[in-house]
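Architecture and fold: a report
One-letter residues, chain by chain:
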Amino acid sequence: MERHELGSLLAGDDEAWVLALATLRSGAIYWVGDRAQPAGQHAGVFKGRLQRMRKHGLEPLGLERAVQLVREHGQPVRTGLIDAADRTWTTLLFLTEDGSAPVACAGWPLPLVAMKPPL
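Residues numbered from 1 in each chain as written. Predicted model: local features only at pLDDT ≥ 70, side-chain atom pairs only at ≥ 80, totals over all residues. Heavy atoms only, no water.

**Topic: the pattern of salt bridges**
Applicable threshold: One speaks of a salt bridge when a side-chain nitrogen belonging to Lys or Arg is within 4 Å of a carboxyl oxygen belonging to Asp or Glu. Here a helix means four or more residues in a row that DSSP labels H or I, a strand means two or more in a row labelled E, and each is numbered from the N terminus. Burial classification: accessible surface area is computed with a 1.4 Å probe over protein chains only, and a residue below 20% of its type maximum counts as buried, one above 50% as exposed, and the rest as partly exposed.
Enumeration according to the criterion identifies three salt bridges in this entry. Its salt-bridge partner being Arg-54, residue Glu-64 comes within 2.8 Å of it at the nearest N-O pair. Taken together, the residues Glu-64 in helix H4 (residues 63–73) and Arg-54 in helix H3 (residues 39–55) connect sequence positions ten residues apart. For Glu-64, a relative accessible area of 49% puts it in the partly exposed group. In this structure, the salt-bridge partner of Arg-87 is Asp-83, at a minimum N-O distance of 3.1 Å. Residue classification places Asp-83 among the buried positions, given a relative accessible area of 18%. Salt bridges sharing partners connect three or more residues here, namely Arg-54, Glu-59 and Glu-64.

Shown next, in the form of structure tokens:
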């Protein structure tokens, strides 16, 4: 998928979509999967990741909503990642099975391993 094609899909107006588009436009590295996976599978995996992130004091931007939207979508979804060129932020995208429309978006700061909750 070309950068301009992906950019045209990032049209949401919530903070996660706005940051995704800004990150992409700033020269981010991105990837969109070729295959779709069942929505329920993705929702389950990322619900678990959300719980682990929260356990470690991180509140990912839009991930709870993204899990809900993917589950409600109910159809297979493709995933994608947009990583800031300076590796300070990553965005997770969920797209329709054919990759032609957005389903959900979430993001969080990097690196996760360096982040520790306050004492």
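Continuing now.
**Quick notes on the sheet that holds strand S3 (residues 89–96)**
Each strand in a sheet pairs with its neighbour through backbone hydrogen bonds, running either in the same direction (parallel) or in the opposite one (antiparallel). For the record, the criterion: Here, any two strands with at least 2 DSSP bridges between them count as paired. Inter-axis angles, ranging from 0 to 180 degrees, are taken between N-to-C directions of lines fitted to C-alpha atoms, where helices are fitted over the stretch in contact.
Spatial strand order, S1-S2-S3-S4: four strands in an open sheet with antiparallel pairing. The sheet is open, and its two edges are formed by strand S1 (29–32) and strand S4 (102–109), each paired on a single side. Here the average twist between neighbouring strands, direction ignored, is 15 degrees. Summarising the sheet, S3 and S4 pair through seven bridges and their orientation is antiparallel.

**Observations regarding the nonpolar core**
The test is simple: The set of buried Ala, Val, Leu, Ile, Met, Phe, Trp, Tyr and Cys residues whose side-chain atoms join them within 4.5 Å is what this entry labels a nonpolar core. Residues are treated as being in contact if the distance between any of their heavy atoms lies within 4.5 Å.
Counting residues in each nonpolar core, the largest one holds 18 residues, and the members touching the most others are Leu-63, Val-70, Phe-94 and Trp-108. At the level of elements, H3, H4, S3 and S4 are the ones that each hand at least two residues to this core. Looking at this core element by element, the count peaks at five residues for H3. Other than its neighbours up to four places away in sequence, Val-70 contacts Ala-39, His-42, Ala-43, Val-77, Phe-94, Val-103 and Ala-104.

**So, the packing of H3 against H4**
Each pair of packed helices can be described by the angle between their axes along with the distance between the axes. Applicable threshold: Each angle gets one of four labels, with under 35 degrees taken as roughly parallel, over 145 as roughly antiparallel, 65 to 115 as roughly perpendicular, and the rest as oblique. What makes a crossing left-handed is the near helix being turned counterclockwise from the far one by less than a right angle; a clockwise turn instead makes it right-handed. Residue polarity follows a fixed list, in which Ala, Val, Leu, Ile, Met, Phe, Trp, Tyr, Cys and Pro are nonpolar, Asp, Glu, Lys and Arg are charged, and the others, Gly among them, are polar.
Axis separation between H3 and H4 bottoms out at 9 Å; the angle between their running directions is 165 degrees. As judged from the angle between their axes, H3 and H4 are roughly antiparallel. Handedness of the H3/H4 crossing: left-handed. Residues Ala-39, His-42, Ala-43, Gly-44, Phe-46, Lys-47, Leu-50, Met-53 and Arg-54 of H3 touch H4, and the partners they reach there are Leu-63, Glu-64, Val-67, Val-70 and Arg-71. Taken together, the residues of the contact of H3 with H4 break down into eight nonpolar, two polar and four charged.

**Here we look at the side chain of Thr-91**
Going by this rule: As used in this structure description, the phrase polar contact means that two N or O atoms lie within 3.5 Å; if the pair is within protein, one of them must be able to donate a hydrogen and the other to accept it, and residues adjacent in sequence are counted only when both atoms belong to side chains.
Relative to the assigned elements, Thr-91 resides in strand S3. Within the structure, Thr-91 has its side chain in polar contact with the side chain of Trp-89 (distance 3.3 Å). Discounting residues that sit within four places of it in the chain, Thr-91 has contacts with Ala-20, Gly-80, Leu-81, Ile-82, Cys-105, Ala-106 and Gly-107.

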